[in-house]
Amino acid sequence: MSTQQQQQQQQQQQQYSGVNKINSETGLFECNEEFKSKEKLETLVYQDPEQVNVFIASEIVKAIEVANSNGKPLVLGLTCGSTPSGVYDQLVKLYKENKVSFKNVITFNVDEYYPIERTRIQSFYRYMQENLFELIDIKKENINFLNGEISENEIDKHLKEYEEKIEQVGGIDLMLIPIGKRIGFNEAGSLANTKTRLVDLEQNTRIDAASDFFGTEHVPHHALTMGLSTMFNSKRIILMAFSEGKASIVQKTTEGEINPLIPSSIFQRHQKCQLVIDEAAAVEITRCKQPWVIHSTGTTLTIKWSPLLARKAVIWLSLKLGKPILKLEEEEYHDHNLSSLLKVFGPCHNLNLKVFRYLQSTINGWPGGRPNQHHPTSPTSPKTNSNNNNNNYNNNNNEHHHDSSFEQINIINEMWDYDSNIKPISKRVIVFSPHPDDDVISMGGTFIRLCDQGHKVHVAYQTSGNIAVWDDDAVRFANFASEFSKLFSLGNESVEKSNAIEKDVNEFIKTKKPGQPDSKEIQLIKGLIRKTEARAGARYAGVAPDRIHFLDLPFYETGAVKKKPLGEEDIEIMVQFLESIKPEIIFAAGDLSDPHGTHRVCLKAILSAIDRLKTKDWMKECQVWLYRGAWQEWEPERIEMAVPMSPFELMRKRMSIFKHQSQKDVPAFPGTDKREFWVRAECRNRETAKIYDNLGLTEFEAMEAFVSYKIPQ
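In short, a report on the structure.

Thresholds applied
- Residues numbered from 1 in each chain as written.
- Predicted model: local features only at pLDDT ≥ 70, side-chain atom pairs only at ≥ 80, totals over all residues.
- Heavy atoms only, no water.
- Helix = DSSP H or I, 4+ residues; strand = E, 2+ residues; numbered from the N terminus.
- Axes fitted to C-alpha atoms, helices over the stretch in contact; angles between N-to-C directions.
- Parallel < 35°, antiparallel > 145°, perpendicular 65-115°, else oblique.
- Left-handed = near helix turned anticlockwise from the far one by under 90°.
- Contact = heavy atoms within 4.5 Å.
- Core = buried A, V, L, I, M, F, W, Y, C linked by side-chain atoms within 4.5 Å.
- Buried < 20%, exposed > 50% of the residue type's maximum accessible area, 1.4 Å probe, protein only.
- Expected span 1.5 Å × (residues − 1).
- Arc of directions from axis to C-beta.
- Pairing = 2+ DSSP bridges.
- Patch = residues over 30% accessible without salt bridge, like charges linked within 9 Å, V, L, I, M, F, W, Y side chains within 5 Å.
- Areas by Shrake-Rupley, 256 points an atom, 1.4 Å probe, with all protein chains shown as cover.
- Salt bridge = Lys/Arg side-chain N within 4 Å of Asp/Glu carboxyl O.
- Lys, Arg positive; Asp, Glu negative; His and termini not counted.
- Charge placed at Lys NZ, Arg CZ, Asp CG, Glu CD.

**Digging into unusual backbone geometry**
Alright, step 1. With an omega of -10°, the peptide bond between Tyr-114 and Pro-115 qualifies as cis.
Alright, step 2. Inspection of the secondary structure assignment puts Pro-115 in the loop between β7 (111-114) and α4 (124-131).
Alright, step 3. Cis geometry marks the peptide bond from Gly-346 to Pro-347; its omega dihedral reads 5°.
Alright, step 4. Structurally, Pro-347 is set in the loop between α13 (339-345) and α14 (348-362).
Alright, step 5. At Asn-98, a residue that is not glycine, the phi angle is positive and equals roughly 60°.
Alright, step 6. Summarising the element assignment, Asn-98 is placed in the loop between α3 (82-96) and β6 (105-109).

Here it is as structure tokens:
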């Protein structure tokens, strides 16, 4: 192949997203350096977490090779948690493929709870053994941990020796650090000169860890952690972060000022530090969020305006100025560095009207399709069901400025003089719910409306959610079952059996250690509690009893917060279920900010099953809509269907959420947001409606938002 042909092929393998050129081989976002001018750290953005994991693992392997060639061991600083777990998976994979050996590697782990036994499932020592060290050829004597079992009077000596040992091996060559509100257990406000030490854990930190320990009260109050100075002295540092939930801290880390309240910002001073993130975690950095505010100091900065980015800019300008879209004026675009947008999509009044009509067309009170309409129409989709778009939410990387879907918006006004008794064509609909309450929390209004409008709605609960039930509820229901058997004279055998189960439950919980996984009986009882609540919520929404399904995906059923990886068994369950229903419309959770990762795994299971079934005729005609959960909402420029709710409909949604009594008042794992789930959901839905109102569209009480997933062909 000639050089020219190679260059042409390379150009074809790259695509643009706003100011970023995406290398399809690596997934790395590349752009003019001036667009990175606000970034004080070298920030590498990849399309998805897997590409981040591959990059970091390859950097570690390269570092090992360099150290070996110099006749020295490589000294690694490592951390625990869900963020680096994919890197460890990649390293294990490379080891099994004989591409790397860890015999000449020394490791120091950053932190550990105190006090904690090393055999406990929450112990970072156990985590590292099970996720990395037991799976590779590293020498045991080369593994160094902070000891959560050491006695209090030995702590100072232990911490001093840990620091000294790092110095004895020549310091840490490469430190891998996930970033968040804290670094290791260095809380906000930690000083830059701190060394390895014993720290008190803030209450929010303990709340974040509550699910791992089955309750905040079981989380230790202290931890051992390397100090910021210890980490900073590493020769090279790789910071990493995933998902929208980390977007704010990512922006402050790389673009903000150095601030003790943002511990990761200290690494702006480091000479060899990289921040490696996925696209979702990059949404708040300027080149991704608002590239038009960056002014060139030399070469001309060119923004490739896609319809998505154009909508984003117009909505941003409207909300910034507090003016409805249709009232925006040309000079206001020029004053805010948006002249290039007008050159592509102008003049001003045309651009305003295009964006307004787009948003207007997303408002849809018929989520399963209007009367005499086969499917609800996405404004970004062609009018024919070609489904030929790439595998991205809202086509956010692939909408080019000549896309006719932005030019021709099909406005369908509500037929207010239409016979209200006429129903749309009844369709087979599946609503997938990762946990037993995600359906009603995230899309309860749409769920109820689909049933009201006569569709054959199936709801599929992908996991049992049994870890999110209080022990006291399990005791109460075990007692209920025992009393029920007696009350209705179900026979001596049933009464004895229920009494025995109640006794076992009581005895187990009385002797249960902090963070200990539940017994199988208690897991089943807690799962049954969630199932009966889910049935009640689905029945209230209008779902027929035979259309309520519990899939109990195996990856979740461990009895602990730590789950197994998604496996073939999980995907096959999804494939068989989809084939049994042959849905025409699918709703699935696209909320990847779930702090425990269940939503991400459940969505992967659905998309993997869809990919296997994409050649089926019924799947070719199937629509897939993604909703978000209690943590976040879709950005307004990405919304493709906004289902409005009246005050009465919002109250119906609230009542369906109330059916989940075990999650009411004080859910087991609420996170740092102490509001009840129904309050969070209503605030989020009202906020979406308020944004539409502020942009100059019809004012509704609340709205639920969706984006479409384009099935790859």
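**Things to note about the packing of helix α17 (residues 471-487) against helix α18 (residues 492-511)**
Alright, step 1. Following both chains from N to C, one finds α17 and α18 inclined at 165°, their axes separated by 8 Å at the closest point. It follows that α17 is roughly antiparallel to α18 by the angle criterion. Between α17 and α18 the crossing geometry is left-handed. Mapping the contact onto sequence places Asp-471, Ala-474, Val-475, Ala-478, Asn-479, Ala-481, Ser-482, Ser-485 and Lys-486 in α17 and Ser-494, Val-495, Ser-498, Asn-499, Glu-502, Val-505, Asn-506 and Ile-509 in α18.

**Focus on the nonpolar core**
Alright, step 1. Counting 72 residues, the largest nonpolar core has Tyr-333, Leu-341, Phe-432 and Leu-578 as its most contacted members.
Alright, step 2. By residue number, the principal contributor to this core is helix α21 (residues 598-613), which donates eight residues.
Alright, step 3. Setting aside chain neighbours within four positions, we find Tyr-333 in contact with Val-314, Leu-317, Leu-328, Leu-338, Ser-339, Leu-341, Leu-342, Cys-348, Leu-351 and Asn-352.
Alright, step 4. Counting 48 residues, the second-largest nonpolar core is a separate cluster that includes Leu-74, Phe-133, Phe-213 and Ile-238.

**Some points on α18**
Alright, step 1. Counted at 1.5 Å a residue, the expected span for α18 with its 20 residues is 28 Å, and the 29 Å between its end C-alpha atoms agrees.
Alright, step 2. Taken together, the buried positions of α18 are occupied by Val-495, Ser-498, Glu-502, Val-505, Phe-508 and Ile-509. Along the axis of α18, the buried positions cluster into a sector of 165°, meaning they face one direction only. Facing away from the buried side of α18, by more than 90 degrees, are the exposed residues Asn-492, Glu-493, Glu-496, Lys-497, Lys-503, Lys-510 and Thr-511.
Alright, step 3. Buried residues belonging to α18 abut α17 and α19 (520-541).

**Regarding the pairing of strand β18 (residues 623-627)**
Alright, step 1. Buried residues dominate β18, accounting for five of its five residues.
Alright, step 2. Burial along β18 is two-sided: Gln-623, Trp-625 and Tyr-627 facing one way and Val-624 and Leu-626 facing the other are all buried.
Alright, step 3. As paired strands, strand β17 (residues 585-589) and β18 are joined by five bridges and run parallel to one another. Of the residues in β18, the one forming a bridge with Ile-585 is Gln-623.
Alright, step 4. Of the strand pairs in this sheet, β18 and strand β20 (residues 702-709) are connected by three bridges, and their pairing is antiparallel. Paired with Leu-626 across the two strands is Val-707, which belongs to β20.

**Let's talk about the sheet that holds strand β12 (residues 236-241)**
Alright, step 1. If you trace the seven strands from one edge of the open sheet to the other, you get β4-β13-β12-β9-β5-β6-β8, paired in parallel fashion. Looking at the sheet topology across the chains shown, the edges are occupied by β4 (42-46) and β8 (143-144).
Alright, step 2. By the bridge criterion, five bridges tie β4 to strand β13 (residues 273-278) in an arrangement that is parallel. Residue pairing for β13: Glu-42 is matched across the bridge by Gln-274.

**Let's talk about a negative patch on the surface**
Alright, step 1. A contiguous patch of negative charge, built from Glu-154, Glu-161, Glu-164 and Glu-167, is present on the exposed surface.
Alright, step 2. Within the secondary structure layout, Glu-154 lies in the loop between β8 and α5 (155-168).
Alright, step 3. You can call Glu-154 partly exposed: its relative accessible area is 34%.

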